[in-house]
Amino acid sequence: MRYHNITKDDMLNGDGLRVVLWVSGCTHKCKNCHNPVTWDICGGIPFDWEAKEELFEELSKSYISGITLSGGDPLHPANCGETAQLIKEIKMKFPQKTIWLYTGFVWEEIHTLEAVQMTDVVVDGPYIEELRDTKLHWKGSSNQRVIDVKETIKKGEVVLHSN
């Protein structure tokens with residue numbers, strides 16, 4: 001897996017203060033994407049031990065609510081396995097922290113993936129410029145959903161995360 005950036009003390013990509021890992025690789029290539037530099041699966045730098053340590057150092061801070069995985073797309077076929085492994089490690093080391101994941105895939109396509117099953121919140125669906133709405137919380141276009149993963153799995157139908 002490759003990544004472009006690690007954002008610290010982020011307030012825009014999930015609830016509370018978060019650390020955000022911006023991975024490389026996206027096949028959706030949404031019109032007017034806010035981060036097209038992350039589309040190239042070969043772009044950025046390798047996600048190595050040092051990058052993981054940087055993430056874990058941030059997650060160890062008591063005021064950090066959790067991590068958000070974005071990009072690019074953490075569920076790009078080349079990223080999915082390593083994303084799942086990283087989520088497992090985070091869950092073991094920081095069980096009290098929440099995990100959010102942004103993807104251009106829709107829930108119905110990804111709900112059985114191991115990485116998705118372990119997250120707390122998934123923001124699904126491609127960004128659609130024609131459905132852009134700056135008043136929306138945690139998403140860019142009205143087709144996207146902010147999904148409470150645990151409740152959705154429990155109820156067997158999509159349950160939206162409440163603000």
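Scroll up to find the structure.
In what follows, the accompanying structure is described. As the structure is a prediction and not an experimental result, all values here were calculated from the model. (Residues numbered from 1 in each chain as written. Predicted model: local features only at pLDDT ≥ 70, side-chain atom pairs only at ≥ 80, totals over all residues. Heavy atoms only, no water.)

Assigned secondary structure in the protein consists of 5 helices and 7 strands. Written out in order from the N terminus, the α and β elements of the protein read β-β-β-α-β-α-β-α-α-β-β-α. Expected size for 163 residues packed as a compact globule is a radius of gyration near 15 Å; at 15 Å, the protein falls within 12% of this value. C-alpha atoms of the protein, sized along the principal axes, occupy 40 × 35 × 30 Å. For the protein, buried positions account for 47% of its 163 residues. Accessible surface, the protein: about 8,200 Å² in total, of which carbon and sulfur atoms supply 54%. (Helix = DSSP H or I, 4+ residues; strand = E, 2+ residues; numbered from the N terminus. Rg over C-alpha atoms; globule rule 2.2 N^0.38 Å. Buried < 20%, exposed > 50% of the residue type's maximum accessible area, 1.4 Å probe, protein only. Areas by Shrake-Rupley, 256 points an atom, 1.4 Å probe, with all protein chains shown as cover.)

The next point concerns the layout of surface pockets. Of the volumes computed, that of the largest pocket is approximately 750 Å³. Lining the largest pocket are 34 residues, with His34, Tyr102, Tyr127, Gly140 and Gln144 sitting closest to its centre. Along the lines of polarity and charge, the residues of the lining of the largest pocket split into 13 nonpolar, 15 polar and 6 charged. (1 Å grid on protein atoms, 1.4 Å probe; cavity = no way out; pocket = protein on both sides within 12 Å on 5 of 7 lines; lining within 4 Å. Points joined across faces, edges and corners; volume = space filled by probe spheres on them. Nonpolar A, V, L, I, M, F, W, Y, C, P; charged D, E, K, R; others polar.)

Further remarks concern the pairing of strand E4 (residues 64–71). Most of E4 is tucked away: 7 of the 8 residues are buried. Alignment of strand E2 (residues 17–23) against E4, held across 7 bridges, turns out to be parallel. Along E4, the bridge assignment pairs leucine 21 with leucine 69. Taken together, the 4 bridges between E4 and strand E5 (residues 98–102) define a ladder with parallel strand orientation. If you follow isoleucine 67 over to E5, its bridge partner there is isoleucine 99. Note on the crossover from E4 through helix H2 (residues 80–93) to E5: the handedness is right-handed. (Pairing = 2+ DSSP bridges. Right-handed = clockwise from strand over helix to strand, strands pointing away.)

Another point: the side chain of serine 141. Here serine 141 shows up in the loop between strand E6 (121–124) and strand E7 (145–148). On the basis of relative accessible area, serine 141 is assigned to the buried category, the value being 0%. A polar atom in the side chain of serine 141 sits 2.5 Å from the side chain of asparagine 143. Once residues within four sequence positions are removed from consideration, serine 141 is found in contact with Pro126, Tyr127, Ile128, Leu131, Arg132, Asp133 and Leu136. (Polar contact = N/O pair within 3.5 Å; in protein donor to acceptor, adjacent residues only side chain to side chain. Contact = heavy atoms within 4.5 Å.)

Our focus in this paragraph is helix H1 (residues 49–59). Residue pairs spaced three or four apart in an α-helix point in one direction, given the helix's 3.6 residues per turn. All buried positions along H1 are accounted for by Ala51, Lys52, Leu55, Phe56, Glu58 and Leu59. Looking down the long axis of H1, one finds its buried residues gathered within 160° of arc, a one-sided arrangement. Relative to its buried face, H1 has exposed residues pointing more than 90 degrees away, namely Trp49, Glu50 and Glu57. Turning to H1, the residues buried within the fold contact strand E1 (2–10), E2, E4 and H2. (Arc of directions from axis to C-beta.)

Where H1 contacts H2, the axes come no closer than 12 Å and their chain directions differ by 35°. Seen along the crossing, H1 lies across H2 with a hand that is right-handed. Facing Lys52, Leu55, Phe56 and Leu59 of H1, the residues of H2 in contact are Leu86, Glu89, Ile90 and Lys93. In terms of residue class, the contact of H1 with H2 is made up of 5 nonpolar, no polar and 3 charged. (Axes fitted to C-alpha atoms, helices over the stretch in contact; angles between N-to-C directions. Left-handed = near helix turned anticlockwise from the far one by under 90°.)

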